[in-house]
Amino acid sequence: MTTYAACASDELLELASGHGLGRIAEKVLARERLGIDDGLALYRSPHLHVVGALANFVRERLHGDLAYFNVNQHVNYTNLCNKLCRFCAFQRLPGQPGAYLLSPDEAAAKVRAQLSEPVTEVHMVAGVWPKIPYEYYLELLRAVKAARPSIHVKAFTMVELDQIAKVAKKPLEVVLEELEAAGLGSVPGGGAEVFSERVRAETYHLKISGDEWLAIARKVHRAGLRSNCTMLHGHIETVEERVDHLDRLRRLQDETGGFQTYIPLSFHPENSEMADVPGPTAVDELREIALGRLMLDNVPHIKAYWILMDVPIAQLALSYGADDVDGTVVEEHIYHDAGATTPQHVQRAELIQWILDAGRVPVERDTLYNVVWSADPLRAPVGRAAPVAS
Amino acid sequence: MSEKTARSAASGSARAEVRRIADKVRAGERITPGEALALHRHADILTLGMLADGVRRAKHPDAHVTYIVDRNLNPTNVCITDCGFCAFYRRPKADGAYVLERGVIHQKMQELADLGGRQVLMQGGHHPYLKTDWWCELLADLRARFPQINLHALSAPEVDHLAKLDKRPVEAVLRELVAAGLGSLPGAGAEILVERVREIIAPKKTSTERWLDVHRKAHELGLRSSATMMFGHVETVEDCIEHLTRLRDLQDETGGFTAFACWLMQPDGVPEQHLYPSRKTPAVYLRMQALSRIYLDNFDNIQTSYVTAGLKMAQVTLQYGCNDFGGTMLEENVVSAAGCFHLAPIQKLEGVIERAGYLPLQRNSWYGVVDPRHPELQRGPYDMQQAATRRAAVVGAPR
């Protein structure tokens, strides 16, 4: 296994100083929190290599050469949705061609179909449809757990949880308890979009606001569940709005510590109402990874989600701040409806090869970052929590 | 010493070595094959990227990225070299074997001319009966009909093949081709210029020495050519570095190479797919792409390979040493036959260049900027007229 020698701290300082980022490098080396202005400077710097080197330094300080993946599968249980977000190509209304709602049995069958694979997680997210009864969500969880009792169910974004609580006519705290009893293991990070009210008004005004998203995440964390967090970038948001978004995530994390992973989500314009907006390019995606790593000093993991970045950029992102590439996925609809050309499924061996070729040490994790398999059992022993240096 | 201390001591000395070599590169000094190997083994991708970007900026201080409006035209797919990594060729008389009718060639050229094309990349199989005469007639015909389009044709192995069919020296064949209208020589067929590797992957194809000699002779006749490398199969990193060394040495001798491009072998659907490893991952390509910019200090231009690597990776390579996007390839058959489809319309291609912070500029085959949208940026070193004059001085005026 080859790993590579990256920048040492003195080199980093010299490099950053030579490119107008010396003050930020000093803060990074001193583990000081970066301010809003620092975030803006990093977004605006023409020197992506240097921004990447700063993020990589932080990444290696936290995780060394380790890079995480998991063996998971996605189930998008319905595309029925009344939020009509303009950036979405997945949403359907009842009666529209392609509209579907999986019964709990059908969802369970998708899980059962993978029983011969070492899947540890099912990721279930979908549209928001008010006519789906509360009992459906509980049944869905029970059916999936019955199909594969060992599986971790990471399901329902904050947006879906908001709807589930509404249809349950119960406080979210109670709903979370009941969902957990039915099999919910943790909560994904989607639906945050960009917290800016301006962006929301223009593109997703029927969906919960940033404040509501954060309030639900707070309750999720208080219920003892972990979640991820995201930002949908590359549409109409400004860099100021992105920095503000990251800062708001960071402040909630200070309070709860419940976010495991931050995942920048690239806007894919195809087939959406915003098809005229070009969407982020590879260099934008790498910068977004780096900014996430540098700004979110209190979130342990940064994920380069290969489904939407594509393999080359996900591999490279492991040197721009990311320490996770997501998993085997199996079947993905939301981004593929929006024109993603990546495969829907990769084999575990391929994920390992991607990570090795990127000069990193592959570690298979479960959803809660316990080590399932490790290429370096000394540093990341199987059965233990993933080692994150503080 | 515990395993951990041993490892960190080893990585400490590797880091010192990378630092030393990096200082050399930043000072503009040439690095040795051993130093290239050390960089490949021990430098992280960001370090390779920053060094390659530094070399690129020194050679091309302006944030420009060039490309050429061109198309591929493969007059025949009939080939007797039987390379197991090639999904394009057909044996003589096999199903699907073709030689394009002249009318079809004219039509394809007209499409290119209508789009303002400046170059046709014309290469194909080693056909056992299409000799120098056939090619000369084709070149002369196209030169007369489409004088504005440079004939970038016949890879070194094809020229060598013609020389064998004719039982004449390479130089004589080249002189005739140039007199008929050949404008420049593509760099294809190099694969890996190490005999051990060629004997495994392309035993019937031109040898390393002869490949280099065709380019040497072409350069002596005033032709410019490009250079390539296809890797990610049975070669080692040492083989790649030897390949680059051979190219660098010849470039010291002649100065005739315009650019270098490398790409990963595309194994899907090739005849001997079962004998080859599966497709290498993009990071393997990016490391070599960056290293080639650092190592080939006497090459002006490094081309990205978006057709094999995809537009996203190609955009990133602009920060890893590449200053040229190659051709628009309005038609490409060879790697497409091997399951590789990354062709992009010109606007999309310009879009990714611009979004990375560079100005896209159209060039000619000699890397002169000839973009009609930017007359103020027009620059040599050659245009069609100068190139023709220079060739005429060596081999006489075109017939």
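Predicted, not measured: the structure shown is a model, and the values here were computed from it.

Trainee: Just to check I follow, could you spell out the nonpolar core for this structure?
Mentor: Where a protein is soluble and globular, its nonpolar side chains tend to be buried together. Ranked by internal contacts, the top residues of the largest apolar core, which has 244 residues, are L54(A), V144(A) and A317(A). Ranked by residue count, the leading element in this core is helix α11 (residues 282-295) of chain B, at 8 residues. Dropping the residues within four chain positions of it, V144(A) is found in contact with A107(A), A108(A), V111(A), V122(A), I151(A), V153(A) and G183(A).

Trainee: Would you take a moment to explain the confidence of the model for chain B for this structure?
Mentor: In low-pLDDT segments, the atomic positions of the prediction should not be examined closely. Residues with a pLDDT of 70 or more make up 89% of chain B, whose mean pLDDT is 90. At the level of chain-chain contacts, confidence expressed as ipTM amounts to 0.91, with global pTM at 0.92.

Trainee: Where do I start with the sheet that holds strand β7 (residues 259-266) of chain A in this structure?
Mentor: Backbone hydrogen bonds hold the strands of a sheet together, and the pairing may be parallel or antiparallel. Residue and element names in this part refer to chain A. Sheet architecture is open: 3 strands sit in the order β6-β7-β8, paired in parallel fashion. A single partner strand is all that each edge strand has here, and the edge strands are β6 (227-233) and β8 (301-302). As paired strands, β6 and β7 are joined by 6 bridges and run parallel to one another. Along β7, the bridge assignment pairs L232 with L265. Together, β6 and β7 form the strand contacts of helix α11 (residues 239-256), whose direction differs from that of β6 by roughly 170 degrees. Helix-sheet contacts for helix α12 (residues 282-295) involve β6, β7 and β8, and the interaxial angle to β7 is about 155 degrees.

Trainee: Sorry if this is basic, but what is going on with the pairing of strand β11 (residues 371-374) of chain A here?
Mentor: For a regular strand, side chains alternate in direction, first toward one face of the sheet and then toward the other. Across 3 bridges, strand β10 (residues 361-365) of chain A lies against β11(A) in antiparallel orientation. When the bridges of β11(A) are listed, V363(A) appears paired with S374(A).

Trainee: What's the story with the interface of chain B and chain A in this structure? I'm lost.
Mentor: Reports of interface size often rely on the accessible area that becomes lost once the parts have come together. The interface is formed by 31 residues belonging to chain B together with 27 residues belonging to chain A. With 6 residues, helix α3 (residues 45-59) of chain B is the single largest residue contributor to the side of chain B that touches chain A. Tallied by class, the residues present in the side of chain B that touches chain A amount to 15 nonpolar, 10 polar and 6 charged.

Trainee: Would you mind showing me how to read the sheet that holds strand β2 (residues 70-73) of chain B here?
Mentor: Residues and elements named next belong to chain B. If you walk across this open sheet you meet the 3 strands as β2-β3-β4, and the pairing is parallel. One side of each edge strand has no neighbouring strand; the edge strands of this open sheet are β2 and β4 (150-153). Taking each pair of neighbouring strands and ignoring which way they run, the sheet shows an average axis angle of 25 degrees. As paired elements, β2 and strand β3 (residues 119-122) share 4 bridges and run parallel to each other. The residue bridging N72 from the neighbouring strand is L121, located in β3. Set on the sheet, helix α4 (residues 102-114) makes contact with β2 and β3; between it and β2 the angle comes to about 165 degrees.

How each quantity is defined
Residues numbered from 1 in each chain as written. Chains lettered and ligands numbered in written order. Predicted model: local features only at pLDDT ≥ 70, side-chain atom pairs only at ≥ 80, totals over all residues. Core = buried A, V, L, I, M, F, W, Y, C linked by C-beta atoms within 7 Å. Buried ≥ 20, exposed ≤ 12 C-beta atoms within 10 Å, placed from the backbone. Helix = DSSP H or I, 4+ residues; strand = E, 2+ residues; numbered from the N terminus. Contact = placed C-beta atoms within 7 Å. pLDDT = per-residue confidence, 0-100. Pairing = 2+ DSSP bridges. Axes fitted to C-alpha atoms, helices over the stretch in contact; angles between N-to-C directions. Nonpolar A, V, L, I, M, F, W, Y, C, P; charged D, E, K, R; others polar.

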